[in-house]
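Topology and contacts: notes
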Amino acid sequence: MAAREQKSSTYVWEGTDRRGTKVKGEMSGHSIPLIKAQLRKQGINPGKIRKRSTPLWRKGKKIKPKDIALFTRQMATMMRAGVPLLQSFDIIAEGVDNPNMAKLVDEIKQEVAAGNSFAASLQKKPEYFDELYCSLVNAGEQAGALETLLDRVATYKEKTEALKAKIKKAMTYPIAVLLVAIVVSAILLIKVVPQFKEVFSSFGAELPAFTLMVIGLSNAVQEWWFIILAVAIAAGFALKRLHKTSQKFRNSVDRFTLKIPIVGQIIYKSSVARYARTLSTTFAAGVPLVEALDSVSGATGNIVFKNAVNSIKADVSTGSPLNQSMRTTAVFPTLAIQMTAIGEESGALDDMLDRVATIYEAEVDNMVDSLTSLMEPMIMAVLGVVVGGLVIAMYLPIFQLGNVV
């Protein structure tokens, strides 16, 4: 019973503030009396309070990074318009379609209303707001320029998510082609080839080697399809688990992906763009360069760049210019190094890094579009070879029989 009483629930409340204006909202707590006490501390005279009902079939969508990006942009817009912080939370929560996102916004609001800073409230939700996000918001609060920093963070999140979407688009297309080829081949081997096999058995003649190979493959798939499917699924889960638990395996995958033709260049340029975008955002927020590089190392999304950034940090901390440290790693492109050098000399490093990010984001966008255009004829070629090869293998004995007659 005690464990049940300690379980927190979400309550919907209505009441009036100090000016007599009717207000309403949601709050998490252990019981209605505690909710009333918390509302009174905030200067609200509580009225109706009820536990929020949970849908039987739907608990709401998962909160995604793009939801956080939208929340940040909305907060930046509200703050720039002069809307009070707590009221901004209410407006955003009411306009959110995802119940889980609305609950998150309300929980942050309750933390702020209890006297915590905005950054401290965000730090209590590390699964949604990383260290970089919280440190930038904290810098904005300390400098009295929260709306400006939120605008920078919103731009950073939007650009980052757009870049991730482009990479996902580039990777999804080849995988889709491979899956289609596998499905079509399986259908032909399981359903179509056996029909031809019965016809060939009445020929009484020796079948071509290519046809025999396809029939043998069909027999194996029909007999062992369940084991083949189980092994494929198990291998998929094993690789996913290994990628999640083994840092060494993830590092190997990161290095390998950079060597893949075309796709490797897309990942490389996207990592350069993320490096420049993150460093530009943190440096413009007034974060010292060495501390900013701490956040950048994890934001590049690739172990090769992470190691390079750590090396840069070690060099910069000893007094080396950023552009020379970048050149020493032999990882960054010449254009990015030259623009960084110009930024350091002119005292506009954040602006030049922002331009570097924009340039490489545009290149990634163009490469993804080119890859998509290139993949269309490749799809036809791959499916043509797979399906056409199976069809030719089945009709080859018929063609030979016609020549004999």
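All of the points below concern the structure found in this document. Because the structure is predicted, anything quoted here is derived from the model rather than measured.

Parameters at a glance
Residues numbered from 1 in each chain as written. Predicted model: local features only at pLDDT ≥ 70, side-chain atom pairs only at ≥ 80, totals over all residues. Heavy atoms only, no water. Buried < 20%, exposed > 50% of the residue type's maximum accessible area, 1.4 Å probe, protein only. Helix = DSSP H or I, 4+ residues; strand = E, 2+ residues; numbered from the N terminus. Arc of directions from axis to C-beta. Contact = heavy atoms within 4.5 Å. Salt bridge = Lys/Arg side-chain N within 4 Å of Asp/Glu carboxyl O.

With that settled, the discussion passes to helix α12 (residues 289-299). Buried within α12 we find L289, A292, L293, V296, S297 and A299. Down the axis of α12, the buried set is contained in an arc of 160°. They therefore lie on one face. Looking at the buried positions of α12, the neighbouring elements they touch are α8 (146-200), α11 (263-284), α13 (303-317) and α14 (322-329). One or two steps after α12, the chain reaches G301, where phi turns positive at roughly 80°.

So, on to unusual backbone geometry. For I262, which is not glycine, the phi dihedral falls at a positive 65°. Note that I262 resides in the loop between α10 (247-257) and α11. For A330, which is not glycine, the phi dihedral falls at a positive 60°. Turning to its location among the elements, A330 is positioned in the loop between α14 and α15 (334-346).

This next bit is on the pattern of salt bridges. The final tally for this structure, using the stated rule, is 9 salt bridges. In this structure, D151 engages R73 in a salt bridge whose closest nitrogen and oxygen atoms are separated by 2.7 Å. Of the two residues, D151 sits in helix α8 while R73 sits in helix α3 (residues 65-80), which places them 78 residues apart along the sequence. Classification of D151 by relative accessible area gives partly exposed; the value is 25%. Given a relative accessible area of 22%, R73 falls into the partly exposed group. As a salt-bridge pair, K125 and E107 come within 2.6 Å of each other at their nearest N and O atoms. Of this pair, K125 sits in the loop between α6 (118-123) and α7 (131-143) while E107 sits in helix α5 (residues 99-113), and the two are 18 residues apart along the sequence. Among the charged side chains, a network of salt bridges with common partners joins R73, D151 and E158.

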